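Now for the letters of each chain:
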Amino acid sequence: MNDMLEFISKFAADLPAEAAKGEDALWEYLARRGAGIVNCHAASFFEADDVKKRLTFKKSIGPVGGDLVGLAFGYQGVVGFCAEGRKPVLVNDTETSPLFTKKVDKGSGFQTKTVIAVPAVANGELLGVIEYINSIAGAFTEDELKAAGVLTDLTAREVYIKRLEATIRQINLKGESTINNLSGGFIGSDMEGKVIFFNLKASEIFEVGQEYLNKPVVELFQLCPDVVGAIGDVLKQGKTVRRQEFKCKVNGKEKVIGYSSINIKGVDGKIIGAGIIFQDITNL
C-alpha cells in the first residue's frame, strides 16, 4: 500500500506538466500511467455523452488500442454500467459477470478477463469512464480499485479546470472584441487601480497609443485629470455618474468629453473594477 501511495503521489506531481499539453494529453496520461499503477495489460478512456447515453473510445492503450479509437456505442457492458451509476466497478471474472458484454472483444479479437471501470466526474458532470483491463497478477485488488479512483478524480479535476480556462478565454476575447468595437471610448481598471482596458476609440480621442495599458490609473493624470477622478470615484466611493462632461486638452486642442462611469462586473456578477465610457462631443 505504501508503494501505491508513492505511485499516486508521483502521478499527481507530474499531472500539471501533462495539463499544459491539453485535455487529450491528460486522458492519455490517465490511461498510460494508470495502467502501470494498477498493474494491467491495457486501458481505455471513453468520453461520455450523458444526454445521449453514449460512450466513445477516446484513448486506448494496449494490443488493439489504435483500432478502437473513435468507436462509439450506447451505455452497455461494464463501462456503461459504470457511467449510468457513476460508481467504480471491479470485475475479476468476465465469464460469469452479467455486466460484461463480449461485443468489443469479438470485434477486436482481444480477450478481456478482468476489468476495473471508474467514472471521471468533475463538478457533478460525467466526463467519461476509464477502463483498466486484464490484471497482470491475474486479479485486481480493492486497493488497485481505490487507486484507480484517486487517479481518475485527480485527472478529471485537471480536465475540468482546462475547460473552465478555455471558456474564460473565450469570454475575455469576446469582451475585448466588443469593447474595441464600441463607438465610444472606454477606459477601465481593476480593483487595484491598474488599467486593464483602453480601447481603440479611447486611443483615437486622446491621440495616444496603448502605452497606458497595465499601468496605474494615476498615470492617466498626464493624459486627462478628470479621467483619473471619474474612475477613482467609482473605485473608492462606488460613485457612478451618467451623462456628465469635462474639458480636456489633447495635444494643445481643447476637447469636450461627454462620459458616464460604471462598475465593471465579472461573469459571476461581482464587481471587479471601474470604467469610464466617453465620446468627443466638442463639435456637437
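These notes cover the structure that comes with them. As a convention, each chain's residues are numbered from 1 in the sequence order in which they are written. With the structure being a predicted model, the display of local features is reserved for residues of pLDDT at least 70 and the display and counting of side-chain atom pairs for 80 or more, all residues being used for whole-chain, interface and lining totals. Heavy atoms from the whole structure form the basis of all side-chain values; hydrogens and water molecules are not counted.

1. Regarding the overall build of the chain
Keep this limit in mind: Counting from the N terminus, the helices are the DSSP runs of H or I reaching at least four residues and the strands are the DSSP runs of E reaching at least two. Accessibility here uses a 1.4 Å probe with only protein chains present; expressed as a share of the type maximum, an area under 20% marks a residue as buried, one over 50% as exposed, and anything in between as partly exposed. For this analysis, residues touch if any pair of their heavy atoms sits within 4.5 Å. Each accessible area is a Shrake-Rupley estimate made with a 1.4 Å probe; only the visible protein chains count as cover when residues are assessed.
When its secondary structure is counted, the chain shows eight helices and 11 strands. When the 284 residues of the chain are sorted by exposure, 44% land in the buried category. Within the chain, counting contacts between residues at least 6 apart in sequence, those at least 24 apart form 50% of the total. Summing over all exposed atoms, the chain offers an accessible surface of approximately 15,200 Å²; the carbon and sulfur share of this is 52%.

2. Focus on the side chain of S260
Applicable threshold: In protein, a polar contact means a hydrogen-donor-capable atom and an acceptor-capable atom, both N or O and within 3.5 Å, with residues adjacent in sequence counting only if both atoms are side-chain atoms; elsewhere, any N or O pair within 3.5 Å suffices.
By the element assignment, S260 lies in strand β10 (residues 253–265). Separated by 3.0 Å, the side chain of S260 and the backbone nitrogen of R243 make a polar contact. Among residues more than four places away in sequence, those in contact with S260 are V241, R242, R243, G275, I276 and I277.

3. Focus: helix α8 (residues 225–237)
Note on helix geometry: an α-helix contains 3.6 residues per turn, so any two residues three or four positions apart are oriented the same way. To keep it simple, the criterion reads: To estimate the expected span of a helix, subtract one from its residue number and multiply by 1.5 Å.
Over its 13 residues, α8 runs 18 Å from end to end, which matches the ideal 18 Å to within 8%, given 1.5 Å per residue. Buried within α8 we find V227, V228, A230, I231, G232 and V234.

4. Comments concerning the pattern of salt bridges
The following threshold applies: Criterion for a salt bridge: a side-chain nitrogen of Lys or Arg within 4 Å of a carboxyl oxygen of Asp or Glu.
Applying the stated criterion to the full structure yields 15 salt bridges. The salt bridge involving E207 is made with K255; its shortest N-O contact spans 3.6 Å. Of this pair, E207 sits in the loop between α7 (200–206) and α8 while K255 sits in strand β10, placing them 48 residues apart in sequence.

5. Quick look at the sheet that holds strand β6 (residues 125–135)
Strand pairing within a sheet occurs via backbone hydrogen bonds; the two strands may be parallel or antiparallel. Filter applied, for reference: Strand pairing follows a simple DSSP-based rule, namely that at least 2 bridges must link the two strands. Only the stretch in contact is used when fitting a helix axis, every axis being a line fitted to C-alpha atoms; angles between N-to-C directions are given from 0 to 180 degrees.
Spatially, β3-β2-β1-β6-β5-β4 is the arrangement adopted by the six strands of the open sheet, whose pairing is antiparallel. Since the sheet does not close on itself, it has two edges, and those belong to β3 (72–74) and β4 (89–91), each with one partner. This sheet shows a mean twist of 25° between the axes of neighbouring strands, independent of strand direction. In terms of strand pairing, β4 meets strand β5 (residues 115–122) through three bridges, oriented antiparallel. Each residue of the ladder has a partner; that of V89, found in β5, is A117.

6. Thoughts on the pairing of strand β9 (residues 244–250)
Where β9 lies against β10, seven bridges are found, and the strand directions are antiparallel. Residue pairing for β10: Q244 is matched across the bridge by Y259. Once β9 ends, the chain turns through two residues before running back antiparallel as β10, passing N251 with a positive phi of about 50°.

7. As for the environment of V129
Mapping V129 onto the fold places it in strand β6. The class for V129 is buried, based on a relative accessible area of 0%. For the pair V129 and P88, spaced 41 residues apart in sequence, the C-alpha separation works out to 9.3 Å.

8. Structural notes on the sheet that holds strand β8 (residues 195–198)
Overall, antiparallel pairing links the five strands, which are arranged β8-β7-β11-β10-β9 in an open sheet. Strands at the two margins of the open sheet, each flanked by one partner only, are β8 and β9. Within the sheet, the average angular offset between the axes of one strand and its neighbour, ignoring direction, is 30°. Taken together, the three bridges between strand β7 (residues 185–190) and β8 define a ladder with antiparallel strand orientation. Looking at β8, one finds that I187 is bridged to F198. Contacts between α8 and the sheet are confined to β7, β9, β10 and β11 (271–280), with β11 contributing the most and set at about 145° to the helix.

9. Observations regarding the packing of aromatic side chains
Note the following rule: Pairing of aromatic rings covers Phe, Tyr and the six-membered ring of Trp, with a centre-to-centre limit of 6.5 Å; geometry is then stacked below 30 degrees between planes, edge-to-face above 60, and tilted otherwise.
Scanning the entire structure with this criterion turns up nine aromatic pairs. On the basis of an interplanar angle of 25° and a centroid distance of 4.6 Å, the ring pair of F11 and Y29 is categorised as stacked. Separated by 18 residues along the polypeptide, F11 in helix α1 (residues 2–19) and Y29 in helix α2 (residues 23–37) bring together distant segments of the chain. Since its relative accessible area comes to 0%, F11 is described here as buried. Relative to F45, the ring of W27 lies with its centre 3.8 Å away and its plane at 10°, an arrangement referred to as stacked. Placement of W27 in helix α2 and of F45 in strand β1 (residues 40–49) is noted, with a sequence separation of 18 residues between them.

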